Amino acid sequence: MTNQEIIDLNAKYLCTTYARFPVAFVRGQGCRLWDADGKAYLDFFASLAVMNLGQCHPAVVKAVQEQVATLTHISNLHHTIPQARLAELLCTNSFADKVFFCNSGAEANEAAIKLARKFGGDKREGRYEILTTLGSFHGRTMATISATGQEKVRQGFAPLLEGFRYVPYDDLSAMEAAISERTVAIFVEPIQGEGGVVTPRPGYLKGLRELCNHHRLLLLLDEVQTGMGRTGKLFAYEHEGITPDIMTLAKALGGGIPIGAMLARGEVAESFNLGSHGSTFGGNAIACASGTAVVNTLLHGGVLENCRAMGEYFLNRLQALKGKFSFVKEVRGKGLILGAELEREGAPIVEACLKEGLLINTTGGKVLRFIPPLIVTKAEIDEGFTILEKVLAQQ
Ligand SMILES: *Cc1c(COP(=O)(O)O)cnc(C)c1O
């Protein structure tokens with residue numbers, strides 16, 4: 001099939017929920033993708049911060065092939081090795097004592113919201129309110145759009161779930177002022193990914209942790225996008241010298257296989273007991289085997305080190321654009337989640353880059369977002385910037 005044939009077939013039968021670019025991919029390797037007409041692309045998007053190890057990483061391919069040929073799926077009424085292994089790996093490498101597995105970021109956040117409410121009922125005199133932030137993104141289910149501090153995501157779906165209040169991001173005094181006798185938790189992203197790679201000042205997470213300690217609240221971190229090495233540490237909270245009470249993961253956790261996870265401190269996790277929550281596919285054997293390969297490769301394959309070094313190099317190259325192009329206003333981010341805020345719309349630039357064989361993305365309207373696989377090389381970054389600078393010069 002050609003690009004156009006695939007596009008036409010999708011247009012005929014799929015719900016039109018996505019504004020898609022006119023390209024259909026058929027193959028990938030590392031930071032390279034090929035479309036149905038045979039054109040090659042350099043990938044600085046990683047399929048939305050999912051493919052942190054790139055396409056078809058040998059450790060992921062091996063883990064998935066072996067698992068699918070051994071034991072494909074077992075219900076959560078029974079035990080499996082991959083689920084136990086991945087849970088152990090996540091807990092021993094984080095603050096957490098317990099994990100609940102599901103299939104996506106929204107589901108992980110649903111689990112976090114349910115656990116916070118249950119904990120509020122059990123141990124905080126029935127408190128239920130969760131404070132979230134303006135510009136946040138937590139998913140597309142009813143509870144997670146209710147938690148999301150962006151009007152455009154909630155538009156048309158009223159009545160929403162009660163019990164959320166939105167507070168300005170990176171503003172500790174606004175957060176403190178918003179705490180009421182009903183509040184049980186503060187729920188934030190360490191960097192707002194969909195909101196435009198909004199990077200809070202150092203000390204923000206620490207300040208939130210102190211507020212939570214002082215007011216006996218839970219700190220919930222949505223690390224669906226910032227987790228799994230994206231910022232140069234396995235989890236973004238590690239940069240700030242604090243630990244959350246609950247953390248959610250998904251996107252890159254499964255190496256491209258759908259999986260989500262909610263991690264919690266033991267005392268908090270206790271509020272989930274028999275029958276409190278569940279998922280048919282949560283902790284699927286293939287997804288967990290793949291996730292185990294991902295975590296091991298991130299930790300022992302030099303990937304975090306590469307992310308930190310290449311992140312610094314990438315950020316320096318972005319900084320240099322500020323001097324060259326007057327419409328590049330600010331660059332920001334950490335590790336390999338980077339943004340360039342423009343004084344104009346980002347969409348025409350993303351389209352022009354695609355035509356030239358470079359995949360980037362725009363978010364929040366005027367922010368170019370760069371979230372390449374964490375295995376990206378210096379030569380690949382240079383190649384991408386040759387294209388990007390050519391495109392920017394033509395704007
Ligand atoms: C992508 C994302 C989600 C939603 O994840 P899905 O797997 O699409 O449900 C939630 N929170 C953050 C921070 C995300 O980036």
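If you're wondering where the values come from, they're calculated on a predicted model, not measured in any experiment. (Residues numbered from 1 in each chain as written. Predicted model: local features only at pLDDT ≥ 70, side-chain atom pairs only at ≥ 80, totals over all residues. Heavy atoms only, no water.)

Examining the overall build of the chain
In terms of helices and strands, the chain carries 14 helices and 15 strands. On C-alpha atoms alone, the chain measures out to a radius of gyration of 21 Å, which is about the 21 Å that the 2.2 N^0.38 rule sets for 395 residues. Its C-alpha atoms put the chain at 60 × 50 × 45 Å along the principal axes. Residues classed as buried in the chain amount to 54% of the 395 residues present. (Helix = DSSP H or I, 4+ residues; strand = E, 2+ residues; numbered from the N terminus. Rg over C-alpha atoms; globule rule 2.2 N^0.38 Å. Buried < 20%, exposed > 50% of the residue type's maximum accessible area, 1.4 Å probe, protein only.)

Thoughts on the sheet that holds strand β11 (residues 328-334)
Read across the open sheet, the 4 strands follow the order β11-β12-β15-β14; overall the sheet is antiparallel. Two strands bound the open sheet, and with one partner strand each, they are β11 and β14 (361-363). The average undirected angle you get between the axes of adjacent strands in this sheet is 30°. With 4 bridges joining them, strand β12 (residues 337-342) and strand β15 (residues 367-370) adopt antiparallel strand pairing. Counterpart to G339 in the pairing with β15 is R369. Where helix α12 (residues 303-324) meets the sheet, it contacts β11, β12 and β15, and its direction lies at approximately 170° from that of β11. (Pairing = 2+ DSSP bridges. Axes fitted to C-alpha atoms, helices over the stretch in contact; angles between N-to-C directions. Contact = heavy atoms within 4.5 Å.)

Topic: unusual backbone geometry
Look at the link from A158 to P159: it is a cis peptide, with omega at 0°. The topology assignment puts P159 in the loop between α7 (151-154) and β6 (164-167). Residue R216 is not a glycine yet carries a positive backbone phi of 55°. Along the chain, the position of R216 falls in the loop between α9 (204-215) and β8 (218-222). On the basis of relative accessibility, which here comes to 40%, the residue R216 falls in the partly exposed class. Although it is not a glycine, K251 adopts a positive phi angle of roughly 25°. Along the chain, K251 falls in the loop between β9 (246-249) and β10 (260-264). With a relative accessible area of 22%, K251 lands in the partly exposed category.

Here's the deal with the domain arrangement of the chain
Under the domain assignment, the chain is made up of domain 1 (3-56 + 302-393) and domain 2 (59-300). With 29 residues of domain 1 at the interface, the matching set in domain 2 holds 30 residues. Between domain 1 and domain 2 lies a buried interface of about 2,300 Å² when both sides are counted; carbon and sulfur atoms form 61% of it. If you sort the residues of domain 1 by the area they bury against domain 2, L304, K334 and I337 come out on top, with a joint share of 27%. Here domain 1 and domain 2 share 2 salt bridges between them. With a shortest N-O distance of 2.7 Å, E194 and R369 are connected by a salt bridge. Applying the counting criterion to the domain 1 and domain 2 interface returns 13 residue pairs in polar contact (both at pLDDT 80 or more). Elements with a minimum of two residues in the side of domain 1 that touches domain 2: α2 (46-49), α12, β11, β12 and β15. The dominant element in the side of domain 1 that touches domain 2, judged by the number of residues it contributes, is α12, at 4 residues. (Domains from an automatic or database assignment. Buried area = accessible area lost by both parts, 1.4 Å probe. Salt bridge = Lys/Arg side-chain N within 4 Å of Asp/Glu carboxyl O. Polar contact = N/O pair within 3.5 Å; in protein donor to acceptor, adjacent residues only side chain to side chain.)

Things to note about the packing of aromatic side chains
Per the counting criterion, the structure on display carries 9 aromatic pairs. Considering the side-chain rings of F314 and F370, the 5.4 Å spacing of their centres and the 50° angle between planes classify their relative orientation as tilted. Here F314 is found in helix α12, whereas its partner F370 is found in strand β15, with 56 residues between them in sequence. The two residues F314 and F370 agree in class, both being buried. Taken together, the ring pairs connect F44, F314, F370 and F385 into an aromatic cluster. Sitting above the plane of the F327 ring, R344 keeps its charged end 3.8 Å from the centroid. (Phe/Tyr/Trp six-rings, centres within 6.5 Å; stacked < 30°, edge-to-face > 60°. Lys NZ or Arg CZ within 6 Å of the ring centre and 35° of its normal.)

Observations concerning the sheet that holds strand β1 (residues 25-29)
Strand order in the open sheet formed by 4 strands is β1-β2-β3-β13, with mixed pairing between adjacent strands. In this open sheet, the two edge strands, each paired with only one partner strand, are β1 and β13 (358-359). Two elements, strand β3 (residues 40-43) and β13, share 2 bridges in a ladder whose sense is parallel. Residue pairing across strands places L42 opposite L358, the latter belonging to β13.

A look at the pairing of β12
On a regular strand, each side chain points to the face opposite its neighbour's, so the side chains alternate between the two faces of the sheet. The buried fraction of β12 is high, at 5 of 6 residues. Relative to β12, β11 runs antiparallel, the two sharing 6 bridges. Bridge assignment links V331 to a residue of β12, and that residue is A340. Where β11 folds back onto β12 in an antiparallel hairpin, the turn is made up of 2 residues, including G335, whose phi is positive at roughly 60°.

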